[in-house]
There are 4 protein chains.
Amino acid sequence: MIIIMKNNATKEQVAHVVKKIKEAGLDVNVDQGSEHVVIGVKGDTRKIATDGFNAYEGVERSVKISKSYKLTSREFHPQDTVVDVDGVKIGDGSFVTMAGPCSIEGLAQIRETARMAKVGGAQILRGGAFKPRTSPYAFQGLEEEGLKYIRQAADELDMKVITEVMDESHIEMVAAYSDILQIGARNMQNYKLLQAVGKTGKPIGLKRGISGTIDEWLNAAEYIAVQDKSPVIFIERGIRTYEPMTRNTFDLSAVPLIKKLSHFPIIVDPSHGTGVWDLVAPMARAGVAAGADGMIVEIHPDPANAWSDGQQSLNEKTYLKMMQEVDILVDAMKKIKQIEA
Amino acid sequence: MIIIMKNNATKEQVAHVVKKIKEAGLDVNVDQGSEHVVIGVKGDTRKIATDGFNAYEGVERSVKISKSYKLTSREFHPQDTVVDVDGVKIGDGSFVTMAGPCSIEGLAQIRETARMAKVGGAQILRGGAFKPRTSPYAFQGLEEEGLKYIRQAADELDMKVITEVMDESHIEMVAAYSDILQIGARNMQNYKLLQAVGKTGKPIGLKRGISGTIDEWLNAAEYIAVQDKSPVIFIERGIRTYEPMTRNTFDLSAVPLIKKLSHFPIIVDPSHGTGVWDLVAPMARAGVAAGADGMIVEIHPDPANAWSDGQQSLNEKTYLKMMQEVDILVDAMKKIKQIEA
Amino acid sequence: MIIIMKNNATKEQVAHVVKKIKEAGLDVNVDQGSEHVVIGVKGDTRKIATDGFNAYEGVERSVKISKSYKLTSREFHPQDTVVDVDGVKIGDGSFVTMAGPCSIEGLAQIRETARMAKVGGAQILRGGAFKPRTSPYAFQGLEEEGLKYIRQAADELDMKVITEVMDESHIEMVAAYSDILQIGARNMQNYKLLQAVGKTGKPIGLKRGISGTIDEWLNAAEYIAVQDKSPVIFIERGIRTYEPMTRNTFDLSAVPLIKKLSHFPIIVDPSHGTGVWDLVAPMARAGVAAGADGMIVEIHPDPANAWSDGQQSLNEKTYLKMMQEVDILVDAMKKIKQIEA
Amino acid sequence: MIIIMKNNATKEQVAHVVKKIKEAGLDVNVDQGSEHVVIGVKGDTRKIATDGFNAYEGVERSVKISKSYKLTSREFHPQDTVVDVDGVKIGDGSFVTMAGPCSIEGLAQIRETARMAKVGGAQILRGGAFKPRTSPYAFQGLEEEGLKYIRQAADELDMKVITEVMDESHIEMVAAYSDILQIGARNMQNYKLLQAVGKTGKPIGLKRGISGTIDEWLNAAEYIAVQDKSPVIFIERGIRTYEPMTRNTFDLSAVPLIKKLSHFPIIVDPSHGTGVWDLVAPMARAGVAAGADGMIVEIHPDPANAWSDGQQSLNEKTYLKMMQEVDILVDAMKKIKQIEA
């Protein structure tokens, strides 16, 4: 941590800040710059409330140097973590597709969607049983009934299941049916939920928050990682901006950034990342090329009659075409990785 | 709801969309504009998944007309709701101040802060017992012990208490000590929590989400309002933008907007709205002038040694000065309201 | 400037960065922190391209310490600059109102609007003769004819004129008719235009860019200040965010921030800051309370028939009511300033 | 255009709005919805100031239906426009690379960079002679001397030139040396400049504004298109958000969106889109996969000593490696296009 003093800070003010830092058990390095005194703070500042240093007289601002997350960082764990979802590997250099409807609407619907998903090459079936909706009057999900349906549909085709858990009290129930527990964008900083799912041992699909920064996302993963049980799969799903033509602004730079800063795998969600069905395939392709370990995508036998997110869902024809394209790019990326090796 | 067809949509595509809308039990009005066919959808679209209409062939986009919230709206409930916090009225034309530390750090600290708060004119004591922090290594709050301390400190000075509840499993505990239950910015769309606190009958202080739109905020309030027990107090605390000099961009336009769209009161949080202690007083003044029903502000006997949020906390001297200024503006606003009447 | 090395940077990498900094004529201070080596760079880094230091092997990132603007800063010029607009003082503790239509539509319209403006207490008449519009098919302004009309209307009532100059080739023409030259939000970083208007000696009303940060805004002012002729009047007009209910998010925290960082005055523009006529009065009041030196506001004799910005313009009745409110708050702020003194 | 009345609007208010619309020469369709009266406005609203309709009593808001641009739209011009840059085709299904330094620093530097660029496969040389910098004290470019150098360096290797024009008064000079005129992000809405470059007949590289929406970008292109001389090449370079780890948030969804809405080609700028050199290659790959017609990228023989943008520039080794990867993906995209055909 570095504390930058105001250019007119007095010697007494500098001395007072130094004294207080030392009282907190940290060491200092005082440097007289051309315009500002700069105080370097040494020691583990993670557990100390350092924000308050900004409140001392004469302080202009402070800058954090160390990352506040550790177990999640590549600095701490240089080699890639490969997540094993009951035999399906994520982060091993392959590209894994998770596909399915936004909402589980019934057994027939999820079975039919699973069939589509499997034909296209998806290995993991997605589908929501608990649906957080902006309006309390909108459809909120089939809950446990939905979980049973998706498990059955997946098992019939030897697929794995990913589904969202929204509340600590549901973890046990959801974990009984699902192979990956997904944390939704609205819960990225629901720390109690993160700690609880982190204890299950199941892989956690951690969506980036609606306006979550990458640093916050890495810290959210740390809440899971400190439980030392469950591996994390980051899911980039776009962030909120002022561009109204897409539901979110899909931030694919997050893929190489997360790869650089963390050892956990990252997949992309071009459905929420765009919110518009005919942008999904180009953005899925871009995700492959950016280096993602997989994707999660919304498909539906009849998007126009989907109970939610119909506008961003692919039907069988558009989904299969996208998967053809994705396969070609996955092959191209293998060549690229061979060059690198 | 209005559906705008592409300018090259065929008659068959229009007819198909019309047919599907009618099958959903809604009525239509088809209007041939100069460049686009526009289909007006009539009937209560709140409970129907209308997003999917965008997935029909030939549809360019759709526009919602009706508000998706109802009980929260001023259209539905034209007169102001005055919230009674055990005798302290919010929304009756007065300006109520809630003050206290970010974190409850101990009995002595909260007592001393309560004394300061009371001297300045605050009627409600704030303080956090559960602290959601970006890093898992930072201080996370004193939990129930903290709740006991804040209740005691408030009772000794005949003040009321507002504190945050972060998890459904804590509601009963927090409600035993607090007069207002606060929902934090990270939980604005934690709908299960909203439904649960809405059943307590306690007033709910609902912070705007970190990047929450006003429409989402009103819908979040609706999750509480449909329980028909607890009134809502909106708390504007700034939204995330690209301006780095402030912790958030304090959106005071939200004050007259919420007043126009809802009957529930709104207060402002200039501490989180700015994140910088010397901007708090000017923004508190601006909040009064914008027409807020009150404010919530962070104060601390010794901000530089606060366990959290020290950089945005006022000390006794700066707090008392701010309250003098606020009082003068509250008087000025009374004159303005008399002119209007 | 501070350079933070990666935690696994080698001694050779550190030595190489140090060598390069010294070659650039700057001095260094190398500090071995607990996890990272931190290199402090000393000397005037304003004229050196320091971005490149990030490109050296082993560098994680760098942090600027010194402000890149100087003449605009309060550090350099501690006392307030009072701008004298041909007798009307801005920044002397008074609150100056500039009012008028978005577009000058004709002589009769601008005369009638000037009359309204004057009755309400405005001393400066605003109105656009060159209108930058998103679509090339929209009305683009009356140009020089409009400038003649606004000058005549202002002179008849002993008012001053502020109007926008959009292009270097128009400066002489606009300066012949206007007392203040306004730089629009889209031109905040049109540096050639800033340099040119800075040579006129006329006060420059510098609007904040559509997504301009406060640091960029201060640097834009520096382009004017280095010409050493024209004083600057900052105009806060809101920034672009994802909140769709207002045209911009009005960032009133900019008022005390600019006051803290610069000696030039700042006024607010609640018309563009909200984009909705019935939010203008509350935000004008909030601007007074935040400490602004004045405001600029759009009014029109018949907003519904205005050629531009009708939705955010006040008519005579709503304008006069707002000015009554503003006057009451200006009086209240005088009391507050007396306490401070 | 559609006007949504308030749910409590009176019949008189509706009638008044209808009367005013008809007076403006437009036709109407009035539809009584379940909660709101909705007035459809028919006719060409492009040249009429329709904003003012929001100012009538009883109006809640209005929604635009028609696009305000026309010549730029794919609706108006369904087939792709292929831009011919003196023999180099952009938009014909190939992928064109433009590479070079941020700033032209001298003849030797631009020659050496041109050599590197050519080896990697770039056909067009980029380089800035006029540099708009945030601070007036930073290096501002070599101006005409720089233009001579880049032209010479390109001619020696049979490359084409793209460089930025920042001011109307420079157009003739820049056009004498450059094959493509680039409009920088800060000038996307400098309409006078857009109109002027549109008359040159040279292809215009139009960067997206710093916070420009796609709709504004298309309208900016329309200012060029109405001159009926110069074709447009859209350049996606990221937009400003709250994510601090990248200089901008690179919005690759813009690629398929522009392809859908316009007939002009679009290229991507992964250098400004990320601001970090080691993110450039993955984002260049993602740009290819998203369907871009080319890219513009910053390279430098010695990035650490570049006079500007060193942190985002590739050196020879990293650039050549990226181009290998890009070539593999370009081949993969050809296969994908064959499937589609």
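Residues numbered from 1 in each chain as written. Chains lettered and ligands numbered in written order. Predicted model: local features only at pLDDT ≥ 70, side-chain atom pairs only at ≥ 80, totals over all residues.

Caption draft 1: Quick look at the overall build of chain A. Within chain A one finds 10 helices and 14 strands. Projected onto its principal axes, the C-alpha positions of chain A cover 75 × 50 × 40 Å. Looking at chain A as a whole, 61% of its 341 residues are labelled buried. Of the contacts formed within chain A by residues at least 6 apart in sequence, a portion of 66% connects residues at least 24 apart. (Helix = DSSP H or I, 4+ residues; strand = E, 2+ residues; numbered from the N terminus. Buried ≥ 20, exposed ≤ 12 C-beta atoms within 10 Å, placed from the backbone. Contact = placed C-beta atoms within 7 Å.)

Caption draft 2: Quick peek at the packing of helix 2 (residues 107-120) of chain D against helix 3 (residues 144-156) of chain D. All names here are of chain D. In contact at an axis separation of 9 Å, helix 2 and helix 3 are set at 35° when each is read in the N-to-C sense. Between helix 2 and helix 3 the crossing geometry is right-handed. Along its contact with helix 2, which presents Leu107, Ile110, Arg111 and Ala114, the element helix 3 presents Tyr149, Ile150, Gln152, Ala153 and Ala154. Considering only residue class, the contact of helix 2 with helix 3 consists of seven nonpolar, one polar and one charged. (Axes fitted to C-alpha atoms, helices over the stretch in contact; angles between N-to-C directions. Left-handed = near helix turned anticlockwise from the far one by under 90°. Nonpolar A, V, L, I, M, F, W, Y, C, P; charged D, E, K, R; others polar.)

Caption draft 3: Focus on the relation of the copies chain D and chain B. For the match of chain D to chain B, the screw axis carries a shift of 0.0 Å, the RMSD comes to 0.0 Å, and the turn is 180°. A rotation of that kind, with that shift, is consistent with a two-fold axis. Minimal C-alpha separation from the rotation axis in chain D is found for Tyr242(D), amounting to 2.1 Å. Take the interface residues of chain D: 100% of them recur as interface residues in chain B, which is what a same-surface contact looks like. (Least-squares fit on C-alpha atoms with pLDDT ≥ 70 in both.)

Caption draft 4: Expanded view of helix 3 of chain D. Residue and element names in this part refer to chain D. Taking 1.5 Å per residue, 13 residues should reach 18 Å; helix 3 reaches 19 Å between its end C-alpha atoms and fits that length. Turning to helix 3, its buried residues number three or more, namely Gly146, Leu147, Tyr149, Ile150, Ala153 and Ala154. Down the axis of helix 3, the buried side of the element spans an arc of 165°, and every buried residue falls inside it. Along helix 3, exposed side chains directed more than 90 degrees from the buried face belong to Glu145 and Glu156. Buried positions along helix 3 lie against helix 2, strand 8 (124-126), strand 9 (160-164) and helix 4 (171-177). Once helix 3 finishes, Asp158 follows within two positions and takes phi at roughly 55°, a positive value. (Expected span 1.5 Å × (residues − 1). Arc of directions from axis to C-beta.)

Caption draft 5: Structural context of the interface of chain A and chain B. With 46 residues of chain A at the contact, the number on the chain B side is 46 residues. The biggest single contributor to the side of chain A that touches chain B is helix 6 (residues 214-225) of chain A, with four residues.

Caption draft 6: Expanded view of the sheet that holds strand 1 (residues 2-5) of chain C. Residue and element names in this part refer to chain C. In spatial order, the strands read 2-3-1-4; together these four strands make up an open sheet with antiparallel pairing. At either end of the open sheet lies a strand with only one pairing partner, and these are strand 2 (27-32) and strand 4 (59-63). Geometrically, the sheet is characterised by an average inter-axis angle of 20° between neighbouring strands, direction not taken into account. Inspection of the sheet shows strand 2 paired to strand 3 (residues 37-42) by six bridges, in the antiparallel sense. Note on strand 3: the bridge partner recorded for Asn29 is Gly40. Contacting strand 1, strand 2, strand 3 and strand 4, helix 1 (residues 11-23) crosses the sheet at an angle of about 160° to strand 2. (Pairing = 2+ DSSP bridges.)

Caption draft 7: Molecular detail of the environment of Gly100(C). Residue and element names in this part refer to chain C. Examined against the element boundaries, Gly100 turns out to sit in strand 7 (residues 96-100). Assessed through the 30 C-beta atoms surrounding it within 10 Å, Gly100 is described here as buried. In the structure, Gly100 is positioned 100 residues away from Thr200 in sequence and 24 Å away in space, judged by C-alpha atoms. Beyond its immediate stretch of four places on either side in the chain, Gly100 contacts Thr113, Ala117, Leu125, Arg126, Gly127 and Ile299.

Caption draft 8: Geometry of the relation of the copies chain A and chain B. Superposition record for chain A on chain B: RMSD 0.0 Å, screw rotation 180°, translation along axis 0.0 Å. A symmetric contact is evident, with 100% of the interface residues of chain A recurring at the interface of chain B.

Caption draft 9: Seen up close, the interface of chain D and chain B. Of the residues lining the interface, 21 residues belong to chain D; the matching set on chain B comes to 21 residues. Elements with a minimum of two residues in the side of chain D that touches chain B: strand 1 (2-5), strand 2 (27-32) and strand 3 (37-42) of chain D. Sorting elements by how many residues they give to the side of chain D that touches chain B places strand 3 of chain D first, with three residues. Among the residues making up the side of chain D that touches chain B, the classes are represented as six nonpolar, nine polar and six charged.

Caption draft 10: Examining the domain arrangement of chain A more closely. Domain annotation for chain A reports domain 1 (2-63) and domain 2 (83-340). On a C-alpha basis, the centroid separation for the pair domain 1 of chain A and domain 2 of chain A is 44 Å. (Domains from an automatic or database assignment.)

Caption draft 11: Focus on the sheet that holds strand 1 (residues 2-5) of chain B. All names here are of chain B. Read from one edge to the other, the open sheet built from four strands follows the order 2-3-1-4, with strand pairing classed as antiparallel. On the outer flanks of this sheet lie strand 2 (27-32) and strand 4 (59-63), each paired with one strand and no other. Averaged over neighbouring strand pairs, the angle between their axes works out to 20° when direction is ignored. As judged from the four bridges shared by strand 1 and strand 4, these two strands associate in the antiparallel manner. The residue bridging Met5 from the neighbouring strand is Val59, located in strand 4. Across the sheet, helix 1 (residues 11-23) is in contact with strand 1, strand 2, strand 3 (37-42) and strand 4; its angle to strand 2 comes to roughly 160°.

Caption draft 12: Quick peek at the confidence of the model for chain A. For chain A, mean pLDDT is 93; residues scoring 70 or higher make up 98% of the total. Interface predicted TM-score (ipTM) for the complex: 0.94; the corresponding pTM is 0.94. (pLDDT = per-residue confidence, 0-100.)

Caption draft 13: Structural detail: the nonpolar core. Formed by 436 residues in total, the largest nonpolar core has its most connected members in Leu206(A), Ile233(A), Leu206(B), Ile233(B), Ile233(C), Leu206(D) and Ile233(D). When sequence neighbours within four positions are dropped, the list of residues in contact with Ile233(B) reads Val83(B), Ile90(B), Ile180(B), Pro203(B), Ile204(B), Gly205(B), Leu206(B), Phe264(B), Pro265(B) and Ile267(B). (Core = buried A, V, L, I, M, F, W, Y, C linked by C-beta atoms within 7 Å.)

Caption draft 14: Just the pairing of strand 7 (residues 96-100) of chain B, in detail. Residue and element names in this part refer to chain B. Counted residue by residue, strand 7 has five buried out of five residues, so it is predominantly covered. Side-chain alternation along strand 7 places Val96, Met98 and Gly100 on one buried face and Thr97 and Ala99 on a second face that is also buried. Taken together, the five bridges between strand 7 and strand 14 (residues 294-298) define a ladder with parallel strand orientation. Bridging from a neighbouring strand, Gly100 pairs with Glu298 of strand 14. Relative to strand 8 (residues 124-126), strand 7 runs parallel, the two sharing two bridges.

Caption draft 15: Layout of helix 2 of chain D. All names here are of chain D. Compared with the 20 Å implied by 1.5 Å per residue over 14 residues, the 20 Å span of helix 2 between its first and last C-alpha is a close match. If you follow the buried residues of helix 2, they end up packed against strand 7 (96-100), strand 8, helix 3 and helix 10 (316-340). Looking one or two places after helix 2, you find Gly121, whose phi comes out positive at around 115°.

Caption draft 16: Geometry of the packing of helix 2 (residues 107-120) of chain C against helix 10 (residues 316-340) of chain C. All names here are of chain C. It is the contact of helix 2 with helix 10, at a shortest axis distance of 9 Å, that shows an interaxial angle of 25°. Comparing the axis directions of helix 2 and helix 10 gives the class roughly parallel. Our pair here, helix 2 against helix 10, has a crossing hand that is right-handed. Together, Met116, Val119 and Gly120 of helix 2 and Glu316, Tyr319, Leu320 and Met323 of helix 10 make up the contact between the two elements. Tallied by class, the residues present in the contact of helix 2 with helix 10 amount to five nonpolar, one polar and one charged. (Parallel < 35°, antiparallel > 145°, perpendicular 65-115°, else oblique.)

Caption draft 17: Seen up close, unusual backbone geometry. Unlike most non-glycine residues, Asp228(A) shows phi in positive territory, near 60°. Among the secondary structure elements, Asp228(A) is positioned in the loop between helix 6 and strand 12 (232-236). Not every positive phi belongs to a glycine, and Asp158(D) is a case in point at roughly 55°. Mapping Asp158(D) onto the fold places it in the loop between helix 3 and strand 9. Exposure remark for Asp158(D): the 9 C-beta atoms within 10 Å place this residue in the exposed category.

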